[in-house]
Amino acid sequence: MVPLYYIISAVLIGWHELFSAIGLDPAGGLSWALSIIGLTLVIRAALIPLFVKQIKSSRNMQLLQPKVKELQKKYGHDRQKLAEETMKLYKEAGTNPFASCLPILLQMPIFFALFRLLDQAARSGKAHGFLDVERAKQFGQADIFGKIPIADSFWGSRTWGEEPNGTVMVVALILVLAMTATTFFTQRQLMAKNMPAEAMSGPYAQQQKMLLYILPVAFGLGGVAFPIGVLLYWTTSNLWTMSQQFYVIRNNPAPGTPAFKAKEERDKAKAARHGHGTTETAVEEKVEEERRPSTRQQPRRQSRSQRKGGPQNKPGGQANQTPPAGQDETTNDEGDSK
């Protein structure tokens, strides 16, 4: 974890210097707690490309579920053949069922590196990465508002322990519940809004349902042993994930999902408010186009007497008739001939 220690400590020190420069106490817990939140934002911003890949992989997996069901019907008796054909289908579609786990898998080493960095700094003032001994002691002994050590945990501060601290227990419990709730609602948001009806059954749906309940429980049970600083990191990361996923689902939902239908309705309402794309407007424009003549009718050629407005100019008269070919126009009118 040595490379991770250098990366994490460099980002932490950068944020800590910034918050110290704007007036926060360098030895105070608030500056270090905000530095942990800043570290989370930097890491999550760096993981955006992987998150986009995760979304695309998850969407492709959803769209492939009808074909997966067909393979299950066809090769249900042969599990090996079914697995081979399923992986072949994923390969042809350019998706990977494990790609959806990449962001969380890459965060776990960072999570544990931060845990060890904070824990060892609090216990022995041990320096890691760019944190020297002085900064390590400062980091490990930092108290938020002078009452909440960022290195303490719910379990370590239990009222029946050696150093009971009810305030730390309450804050840690709030962060554990927030971490559990954000994990649950992030997964629930994906299943409820961005999964088509045909993808709600089968092995992929079962996997998503397992993640829906198992991950929050696992984080909740493990969270009681995490320091306050680590809980800040994980809760902030979950809030980022939930907000980022909400934005993607709202603006670029998978076809055939409730989120896709909701976006179509919003687009129609927006078009109606701006007066563009409504059905009534389209019908009116079509009727107007049909009423409008396609070409302008040219006037007939008239003789001299017709232009003077004589009786021969009346509709139906002989003067309105076109003279035979080769006959001079003036011979049709005796007065003109004279």
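The notes below deal with the structure included here. In this text the structure is predicted, and so the values were computed from the model without any measurement.

Observations concerning the pattern of salt bridges
Then comes step 1: Counting across every chain of the model gives four salt bridges.
Then comes step 2: As a salt-bridge pair, Glu 17 and Arg 135 come within 2.5 Å of each other at their nearest N and O atoms. Here Glu 17, found in helix H1 (residues 2-21), pairs with Arg 135, found in helix H7 (residues 133-140); they are 118 residues apart in sequence, far enough to count as distant.
Then comes step 3: Glu 17 gets classed as partly exposed once you look at its relative accessible area, which sits at 39%.
Then comes step 4: Owing to a relative accessible area of 21%, Arg 135 belongs among the partly exposed residues under this scheme.
Then comes step 5: In this structure, the salt-bridge partner of Arg 123 is Asp 119, at a minimum N-O distance of 3.0 Å. Of this pair, Arg 123 and Asp 119 both sit in helix H6 (residues 102-124), four residues apart, which is roughly one turn of that helix.

Notes on the packing of aromatic side chains
Then comes step 1: Applying the stated criterion across every chain yields a total of ten aromatic pairs.
Then comes step 2: Plain terms: the ring middles of Phe 111 and Phe 112 are 5.5 Å apart, the flat faces sit at 75° to each other, and that makes the pair edge-to-face.
Then comes step 3: On the basis of an interplanar angle of 70° and a centroid distance of 6.5 Å, the ring pair of Phe 115 and Phe 226 is categorised as edge-to-face. Here Phe 226 lies in the loop between helix H9 (203-223) and helix H10 (228-251) and Phe 115 lies in helix H6, a separation of 111 residues in the sequence.
Then comes step 4: Judged by relative accessible area, Phe 226 falls into the buried class, the value being 15%.

Points about the nonpolar core
Then comes step 1: If you look at the biggest cluster of nonpolar residues, it comprises 41 residues, and the most contacted ones within it are Ile 8, Ile 36, Phe 139, Ile 150 and Tyr 233.
Then comes step 2: Taken together, the elements giving at least two residues each to this core come down to H1, helix H2 (29-46), H6, H7, helix H8 (166-193) and H10.
Then comes step 3: Sort the elements by how many residues they give to this core and H6 lands first, with seven residues.
Then comes step 4: Discounting residues that sit within four places of it in the chain, Tyr 233 has contacts with Ile 36, Thr 40, Ile 43, Gln 107, Ile 110, Phe 111 and Leu 114.
Then comes step 5: Counting residues in hydrophobic clusters, the runner-up holds eight residues, among them Met 61, Tyr 75, Leu 82 and Leu 89.

What counts and how
Residues numbered from 1 in each chain as written. Predicted model: local features only at pLDDT ≥ 70, side-chain atom pairs only at ≥ 80, totals over all residues. Heavy atoms only, no water. Salt bridge = Lys/Arg side-chain N within 4 Å of Asp/Glu carboxyl O. Helix = DSSP H or I, 4+ residues; strand = E, 2+ residues; numbered from the N terminus. Buried < 20%, exposed > 50% of the residue type's maximum accessible area, 1.4 Å probe, protein only. Phe/Tyr/Trp six-rings, centres within 6.5 Å; stacked < 30°, edge-to-face > 60°. Core = buried A, V, L, I, M, F, W, Y, C linked by side-chain atoms within 4.5 Å. Contact = heavy atoms within 4.5 Å.

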